[in-house]
Amino acid sequence: MFKKEKNNLNSESGEVRTRVAPSPTGPMHIATARVALYNYIFAKQNNGKFILRIEDTDLERSKQEWTDEIIADLKWLGTNWDEGPDIGGKFGPYKQSQKADVYEKYIKKLLNEGKAYHCFCSEEELEAKRQDQMTRGVAPIYDGKCSKLSSEEVAKNLAEGKKSVIRFKVEKKKVKFHDLICGEVEFDMGLLGDIVIAKNLQTALFHFTVVVDDYEMKISHIIRGDDHLSNTARQILIQEALGFPRPIYAHCPMILNPDRSKMSKRKNDVALASYIKKGYLPEAIINFIALLGWNPGTEREIFSLYELEKEFSLEKVQKAGAVFNIQKLDNINGYYIREKSIEKLTELCLPYLIEAGLLEKFNGDQKIVSTGEEITKLKLEKIISAYKERLKKLSEIVELTDFFFKDKLTYEKELLQWQKMSDTDIKDSLLLCDNILSKLDDGAGEWNIKKMEEILFPEILKFNIKKNYPENNKGFVMWPLRVALSGKKASASPFEIAEILGKEKTLQRIKDAINLL
RNA sequence: GGCCCCGUCGUCUAGCCUGGUCUAGGACAUCAGAUUUUCAUUCUGGUAACCCGGGUUCAAAUCCCGGCGGGGUCACCA
């Protein structure tokens, strides 16, 4: 792949204005998030404006709830838009559904100038023709039948109320345009049929509304997905017919499934909302999607949104699609989790613990655990702290720490076994823990990790000698203790857990384990 | 099928424009080791790629041509 030639990224004159134009027909796609990010950053670095436009012309499929989700998602990412209708002092999104009159004006203009025409072909008729073309191995395009209708026939059909759509006459010529990412692109429009730009005067369709809105919103740069590359030529033709200036285009490569097809919900989780729910941090998502198809040309990989505004450049965006690699996302997310302060991380984890029913309600600083017991903010922070390094995503906090919030633990007794210990050995080991740890004076502040190590470690040595275990292998005591306290084979240090659990609960759990044997 | 785009480790990529410094660099994943009571973190090391074939050249991942492969798009969706 060759480097794109350098471009003056600013439009000829005036302000840089970019937009993201999702359609609210489902959850916001992760690819939309990336396109939004690129548009946002590009606008920021050029002192321009970033705009959100909801493309809800398809009334049947568009839903307000999805619009709400798009808004929430964008805010979550931190890619706020700079303009829009006033909604209680804040910027709302522009919505195409509210602009029918504007589109109608332009549709009429094209109709009057003979650049568009009414088409009375039925969908069945069209479908049949398409099938025929396909079987003959020709490109399935509209034959332009209705463009040949006389104005009398059209008037007659219209008067009869015959169902029609409005088609744009596609000029049979080559359309060439420059793309900031793809370079020079050329399409032969002779290969395309006349496109439907509106179902009727009141209902304009995608290709048309995009062109009109980008003009009316004075969009200077259109940064969007690669899948729109071939749409661009048609839209340029509509622009020309309407006498609009041509914006600057930049088509980003697709985000791919592992099999290299366009990332789709059938093969992947594509909704940004679902990543939010799983507990990915906005910093991580931003960083990760920015890197999907772009890199700074250095070996640096960690970027905040603010830093991206400084470093990002469209020239360094790849032309090839990029596979969405969840492992890399997890890695970056883990990094940002580790970067969080304990206070902040605890706050972020709280909703997950509550949703899982581990924590019930708040009582000022005290949180009520599902068992009815109260837990202090400090203790909660200790729990989170113990698991900070193990967290890849926030939702994992539940399975990692649930045992802190339960009364009784359930686990297989086999789990208590370290190497080839017999039940008696395990019992002896646990009895040792019970015996030694119970000596610690809780009231005197002795119940802490340091003290536990101090008194138990020498005893482990003796225990190992007595049992003929390798002297330095603390596992013969620590492993059964870990399982007794957590019920899990992977956990934080048993002492760390014991300290958080407190003396009473710790000893109780050790006894519970002994009873299992 | 037509048209368009793309092709460096498994994945994201640096290098390509301006050929030699590339025995191809980094990151994730993976493997091994260190630390450790487990997992994780951290650190060290390893395995692993220029799609193929021609051509140009003293020299090609880099330039040219041809194949092959992958993807996108061809709606009264966006």
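Residues numbered from 1 in each chain as written. Chains lettered and ligands numbered in written order. Predicted model: local features only at pLDDT ≥ 70, side-chain atom pairs only at ≥ 80, totals over all residues. Heavy atoms only, no water.

### A look at the protein's contact with RNA strand B
Moving on, step 1. Around RNA strand B there are 68 residues in total, and Arg61, Glu301, Glu389, Arg390 and Arg482 lie nearest to it.
Moving on, step 2. Taking lysine 474, its side chain carries an N or O atom lying 2.9 Å from a phosphate oxygen of RNA strand B.
Moving on, step 3. One of the backbone N or O atoms of serine 491 is found 2.7 Å from a base nitrogen in RNA strand B.
Moving on, step 4. Taken together, the residues of the surface near RNA strand B sort by class into 23 nonpolar, 19 polar and 26 charged. (Near = heavy atom within 4 Å. Polar contact = N/O pair within 3.5 Å; in protein donor to acceptor, adjacent residues only side chain to side chain. Nonpolar A, V, L, I, M, F, W, Y, C, P; charged D, E, K, R; others polar.)

### A look at the side chain of glutamate 104
Moving on, step 1. With respect to the helices, strands and loops of the structure, glutamate 104 is situated in helix 3 (residues 100-112).
Moving on, step 2. With a relative accessible area of 14%, glutamate 104 lands in the buried category.
Moving on, step 3. When near neighbours in sequence (up to four residues on either side) are disregarded, glutamate 104 contacts Leu201 and Gln202. (Helix = DSSP H or I, 4+ residues; strand = E, 2+ residues; numbered from the N terminus. Buried < 20%, exposed > 50% of the residue type's maximum accessible area, 1.4 Å probe, protein only. Contact = heavy atoms within 4.5 Å.)

### Thoughts on the confidence of the model for chain A
Moving on, step 1. With 97% of its residues at a pLDDT of at least 70, chain A reaches an overall mean of 93.
Moving on, step 2. Considering only residues more than four positions removed or in separate chains, one finds that residues 1-11, a stretch of pLDDT under 50, has 24 contacts.
Moving on, step 3. Here the predicted complex carries an ipTM of 0.95, next to a pTM of 0.94. (pLDDT = per-residue confidence, 0-100.)

### Remarks on the environment of isoleucine 332
Moving on, step 1. Here isoleucine 332 is to be found in helix 11 (residues 326-339).
Moving on, step 2. For isoleucine 332, a relative accessible area of 4% gives the class buried.
Moving on, step 3. Separated by 60 residues in sequence, isoleucine 332 and lysine 392 place their C-alpha atoms 8.5 Å apart.
Moving on, step 4. When sequence neighbours within four positions are dropped, the list of residues in contact with isoleucine 332 reads Ala284, Asn287, Phe288 and Leu291.

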